[in-house]
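Chain residues, written in single-letter form:
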Amino acid sequence: MTKKEFLESLRNQLKNIPKEEIEEILQDYRDHITIGMENGRNEEELIKSLGDPKEIAKQLNANYHIKNAETKTSASNIIRALYATAGLGFFNLIFVLPLFFIILALLFVLFAVPVSLIFAGIVVIIVCVSNFLAPDYFFKNFDVAISTPEAVGASLISIGLVSMGLLILIAAYYASKAISKLVLRYLKFNLNIMQNKEEKYEH
Amino acid sequence: MDVQLKKGVLELCVLKLLEKRDWYGYELVTEISKNIAISEGTIYPLLKRVKDEEYVTTYLKESKEGPPRKYYNLTDKGKRMSLELTKEWEDFAKKVNMLLNNGEKYD
């Protein structure tokens, strides 16, 4: 492989990384080869000892997507990071992805429950208050009459529901943050495992 | 040697070298691959990662010949990490040695 082929192959394998970062990466390798040749090594040997550009790109992709998911945490960025890290071959996406989606579904429930509690509570409060302000209108249109003690009782219960919903929502927020941190830490741990030279050449 | 070089060992090597002085990429790579059999190209992703983690900063310095060298400088955060990783490594090595010595006893 020539220097040009090496750099081209590396560039082609870097996925969804901003242009400036790609240029910086390629510059590092370009410099490495140039300096190596200044030191009397030949191009082919230098490139051989750099290793497979595909393997290098996998690491750089995983690096970038984990970093990106850390600064801009979202489900899609975490999935991208998962996918990029799986490329390193230390865990299998087929096993990890379903687990990830189960966690995602649980988180969805954890958010849906408090949101419905809050919504239901607010609706009841609005009904009670409007009934108190305009009882005649209510009676005429909906054929219901809510007595004041009933309205007060229902409102109090609803305030309870809304506060409970808010508390669960806060808990869900922290839980989702903790879980994404945990997932990212696991992915980072995978970055730290490196195979040695001989093993890599077997692929 | 067919063991996987595990968590942080390579990172520790890089940080340790940087404790002594600033190195540029090519120097670091050749120094490490002198001792550890690893594809030289995989050290650059590691260097990028420790830079992203703010363990090192980089600066360019003109060279008498060829391209300007990109030097790596260890930050205070990097020094703390180096200390932590050294401790972890020594702990790990101690336990392995203990196991090895016990093994001898059973022979």
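As the structure is a prediction and not an experimental result, all values here were calculated from the model.

Caption draft 1: Highlighting the overall build of chain A. The helix and strand tally for chain A stands at nine helices and zero strands. In sequence order, the secondary structure elements of chain A are arranged as α-α-α-α-α-α-α-α-α. Relative to the globule expectation of 17 Å for 203 residues, the C-alpha radius of gyration of chain A, 29 Å, shows a markedly less compact shape. Principal axes of the C-alpha set define a box for chain A whose edges measure 95 × 30 × 20 Å. By residue count, 37% of the 203 residues in chain A fall in the buried class. Here the analysis covers contacts within chain A between residues at least 6 apart in sequence; of these, 65% occur between residues at least 24 apart. With the model as given, the accessible surface of chain A reaches about 12,000 Å², and the carbon-plus-sulfur share is 67%. For chain A, the distance from the average site of its 20 positive side-chain charges to the average site of its 21 negative ones is 1 Å.

Caption draft 2: Up close: the nonpolar core. Counting residues in each nonpolar core, the largest one holds 44 residues, and the members touching the most others are Phe-6, Leu-10 and Tyr-29 of chain A together with Leu-18 of chain B. If we ignore the near neighbours within four places in the chain, the residues touching Phe-6 of chain A are Met-1, Tyr-29, Ile-33, Ile-47, Leu-50, Gly-51, Pro-53 and Ile-56 of chain A.

Caption draft 3: Molecular detail of helix α4 (residues 53–71) of chain A. All names here are of chain A. Taking 1.5 Å per residue, 19 residues should reach 27 Å; α4 reaches 27 Å between its end C-alpha atoms and fits that length. Among the 19 residues of α4, 14 are classified as buried, and the element is accordingly described as predominantly covered. Between the side-chain oxygen at the start of α4 and the backbone nitrogen of Lys-54 there is a gap of 3.0 Å, and the oxygen is on Asp-52.

Caption draft 4: Region of interest: the pattern of salt bridges. Per the counting criterion, the structure on display carries 21 salt bridges over all chains. Between Glu-8 of chain A and Arg-11 of chain A there is a salt bridge whose closest N-O contact spans 3.9 Å. Taken together, the residues Glu-8 of chain A and Arg-11 of chain A, both in helix α1 (residues 3–13) and three residues apart, mark about one turn of the helix. Glu-24 of chain A is paired through a salt bridge with Lys-51 of chain B; the nearest N and O atoms lie 3.5 Å apart. Of this pair, Glu-24 of chain A sits in helix α2 (residues 19–38) while Lys-51 of chain B sits in helix α3 (residues 43–52), each in a different chain.

Caption draft 5: Fine view of helix α5 (residues 75–86) of chain A. Counted at 1.5 Å a residue, the expected span for α5 of chain A with its 12 residues is 16 Å, and the 16 Å between its end C-alpha atoms agrees. Along α5 of chain A, the residues that are buried comprise Asn-77, Ile-78, Ala-81, Leu-82, Ala-84, Thr-85 and Ala-86 of chain A.

Caption draft 6: Main features of the packing of aromatic side chains. The tally for this structure, following the rule as stated, stands at seven aromatic pairs over all chains. Measuring from ring centre to ring centre gives 5.4 Å for Tyr-24 of chain B and Tyr-71 of chain B, while their planes differ by 80°; the resulting arrangement is edge-to-face. Placement of the pair is Tyr-24 of chain B in strand β1 (residues 23–24) and Tyr-71 of chain B in strand β3 (residues 69–74), with a sequence separation of 47 residues. For the pair shown, Tyr-24 of chain B and Tyr-71 of chain B are each scored as buried. Both rings, one in Trp-89 of chain B and one in Phe-92 of chain B, keep their centres 5.8 Å apart while their planes meet at 45°; by these two values the pair is tilted. Here Trp-89 of chain B and its partner Phe-92 of chain B are both found in helix α4 (residues 76–106), three residues apart, which amounts to about one turn of the helix. Three or more aromatic residues link up through ring pairs in this structure, and these residues are Phe-6 and Tyr-29 of chain A together with Tyr-44 of chain B. Over the ring of Tyr-24 of chain B we find Arg-69 of chain B, and its NZ or CZ is 5.1 Å from the ring centre.

Caption draft 7: Spotlight on a nonpolar patch on the surface. Together, Leu-167, Ile-170, Tyr-173 and Tyr-174 of chain A give the surface a local cluster of nonpolar side chains, amounting to about 460 Å² of exposed area. In this fold, Tyr-173 of chain A is placed in helix α8 (residues 148–191).

Caption draft 8: Representation of the sheet that holds β1 of chain B. Residues and elements named next belong to chain B. Strand order in the open sheet formed by three strands is β1-β3-β2, with antiparallel pairing between adjacent strands. The sheet is open, and its two borders are formed by β1 and β2 (56–61), each paired with just one other strand. Along the sheet, helix α1 (residues 9–20) contacts β1, β2 and β3; its crossing angle with β3, the most-contacted strand, is approximately 90°.

Procedures and definitions
- Residues numbered from 1 in each chain as written.
- Chains lettered and ligands numbered in written order.
- Predicted model: local features only at pLDDT ≥ 70, side-chain atom pairs only at ≥ 80, totals over all residues.
- Heavy atoms only, no water.
- Helix = DSSP H or I, 4+ residues; strand = E, 2+ residues; numbered from the N terminus.
- Rg over C-alpha atoms; globule rule 2.2 N^0.38 Å.
- Buried < 20%, exposed > 50% of the residue type's maximum accessible area, 1.4 Å probe, protein only.
- Contact = heavy atoms within 4.5 Å.
- Areas by Shrake-Rupley, 256 points an atom, 1.4 Å probe, with all protein chains shown as cover.
- Lys, Arg positive; Asp, Glu negative; His and termini not counted.
- Charge placed at Lys NZ, Arg CZ, Asp CG, Glu CD.
- Core = buried A, V, L, I, M, F, W, Y, C linked by side-chain atoms within 4.5 Å.
- Expected span 1.5 Å × (residues − 1).
- Polar contact = N/O pair within 3.5 Å; in protein donor to acceptor, adjacent residues only side chain to side chain.
- Salt bridge = Lys/Arg side-chain N within 4 Å of Asp/Glu carboxyl O.
- Phe/Tyr/Trp six-rings, centres within 6.5 Å; stacked < 30°, edge-to-face > 60°.
- Lys NZ or Arg CZ within 6 Å of the ring centre and 35° of its normal.
- Patch = residues over 30% accessible without salt bridge, like charges linked within 9 Å, V, L, I, M, F, W, Y side chains within 5 Å.
- Pairing = 2+ DSSP bridges.
- Axes fitted to C-alpha atoms, helices over the stretch in contact; angles between N-to-C directions.

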